[in-house]
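Next come the chains, spelled out residue by residue.
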Amino acid sequence: MSAPVLELDRVTAGYGLITVLNETSIRLHAGEILTVLGANGSGKSTVLKTSAGLTRILGGRIAFAGADATRWPAHRRAAEGIGYVPQTRNVFPDLSVADNLRMGAFLRPKNFAADVEEVFALFPRIKEKRKVLARTLSGGERRMLSIGLTLLLKPRILLLDEPSSDLSPVMVDTVFDAIARIHRELAIPILLVEQNVNKALALATRVAVLVRGREALDCPVAEVKLDELKRLFMDGGVRTSA
């Protein structure tokens, strides 16, 4: 297998005095969707925030596209192509959808109309709502807009934090279909954190499981054993019906 496009090598990280990741190693390769699973508090979202430069790194190394990115600030990681879509606070609520997209393209050349049309092709619902304020959108529509904002930065990888959170079943299907299209048509490797285990397994090519801030499993999705997943989730403090 080729060198990973993103690698967390024995990374210890957290917030303030709180350590969440403990010598965690995660590798995302070109052409794959890696889903990170685990119980609440296992460190899943912290993997994404650490990759995006939003936590305090206490040890280990982060590499991106072969370069040492451990000390890169968040804005450089975004400029280099690490696209992060947070679970919350992911749009500008008092701007229209169209103005949100203009903000999303602030690092792009002035002529970004074609890029916006690509976002509209992925999310026709957003095109229909382009003149309304983002705060009036449904949860699913906001999720579509937040992904679109990140795509306008032409990311080389995409970090998605709980894209199904608080969405209706129909909207979950719509968002996951769009993620699959992004991976297939734009060839963007995706690091996905998701609590909907069934949806995550259906989308992923590889799975990693965290238990108390450490990687406890890493294997192709075809090799995942549900009994082992249940055991790891229970070890992490939460029971699951996966």
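Scoring rules and cut-offs
Residues numbered from 1 in each chain as written. Predicted model: local features only at pLDDT ≥ 70, side-chain atom pairs only at ≥ 80, totals over all residues. Heavy atoms only, no water. Helix = DSSP H or I, 4+ residues; strand = E, 2+ residues; numbered from the N terminus. Buried < 20%, exposed > 50% of the residue type's maximum accessible area, 1.4 Å probe, protein only. Contact = heavy atoms within 4.5 Å. Areas by Shrake-Rupley, 256 points an atom, 1.4 Å probe, with all protein chains shown as cover. Salt bridge = Lys/Arg side-chain N within 4 Å of Asp/Glu carboxyl O. Pairing = 2+ DSSP bridges. Axes fitted to C-alpha atoms, helices over the stretch in contact; angles between N-to-C directions. Polar contact = N/O pair within 3.5 Å; in protein donor to acceptor, adjacent residues only side chain to side chain. Core = buried A, V, L, I, M, F, W, Y, C linked by side-chain atoms within 4.5 Å.

1. Quick look at the overall build of the protein
Per the secondary structure count, the protein includes 9 helices and 10 strands. Its C-alpha atoms put the protein at 50 × 40 × 35 Å along the principal axes. A total of 242 residues make up the protein; the buried ones form 51% of that total. Considering only contacts within the protein whose residues lie at least 6 apart along the sequence, 68% involve residues at least 24 apart. Of the roughly 11500 Å² that the protein leaves accessible, carbon and sulfur atoms contribute 52%.

2. Here we look at the pattern of salt bridges
What the rule picks out here adds up to 16 salt bridges. Across the pair Lys127 and Glu117 runs a salt bridge whose closest N-O atoms are separated by 3.8 Å. A residue pair is termed long-range when its members are at least 10 positions apart, and Lys127 in helix α5 (residues 124–128) and Glu117 in helix α4 (residues 113–122) qualify at 10 residues. The class for Lys127 is partly exposed, based on a relative accessible area of 34%. Residue classification places Glu117 among the partly exposed residues on the basis of a relative accessible area of 41%.

3. Comments concerning the sheet that holds strand β4 (residues 56–64)
The 4 strands lie next to each other as β2-β1-β4-β5, forming an open sheet whose pairing is antiparallel. Edge positions in the open sheet fall to β2 (18–28) and β5 (67–68), since each of these has one partner strand only. In the sheet, strand β1 (residues 6–15) pairs with β4 via 7 bridges, with the strands oriented antiparallel. Each bridged residue has a counterpart across the sheet, and for Ala13 the counterpart in β4 is Ile57. Across the sheet, helix α1 (residues 44–51) touches β1, β2 and β4, and the angle it forms with β1 is around 105°.

4. Some words on the side chain of Thr50
With respect to the secondary-structure elements, Thr50 resides in helix α1. Separated by 2.8 Å, the side chains of Thr50 and Thr55 make a polar contact. Leave out the neighbours within four places in its chain, and Thr50 touches Leu8, Val11, Ala13, Leu21, Thr55, Ile57, Ile62 and Arg77.

5. What about the nonpolar core?
Counting 34 residues, the largest nonpolar core has Leu101, Phe123, Leu145, Ile147, Leu158 and Leu160 as the members making the most contacts within it. Looking at this core, the elements that each hand over two or more residues are α3 (97–104), α4, α6 (139–151), β7 (157–161), α7 (169–186) and β8 (190–193). In terms of residue count, the dominant contributor to this core is α7 (7 residues). When residues no more than four places from it in sequence are discounted, the contact partners of Ile147 are Val85, Phe123, Leu160, Val175 and Ile182. Judged by nonpolar contacts, the second largest core, of 26 residues, contains Leu8, Leu48, Ile157 and Leu191.

6. Quick word on the sheet that holds strand β10 (residues 214–220)
One open sheet accounts for 6 strands, arranged β6-β7-β8-β3-β9-β10; its pairing is mixed. The open sheet is flanked by β6 (82–85) and β10, the only strands paired with a single partner. Taking each pair of neighbouring strands and ignoring which way they run, the sheet shows an average axis angle of 15°. Alignment of β7 against β8, held across 4 bridges, turns out to be parallel. Note on β8: the bridge partner recorded for Leu160 is Leu192. Against the sheet, α1 touches β3 (33–38), β6, β7, β8 and β9 (206–211), its axis set at about 145° to β8. α6 contacts β6 and β7 of the sheet and is inclined by roughly 165° relative to β6.

Everything listed here is a matter of geometry and, on its own, says nothing about what the molecule does.
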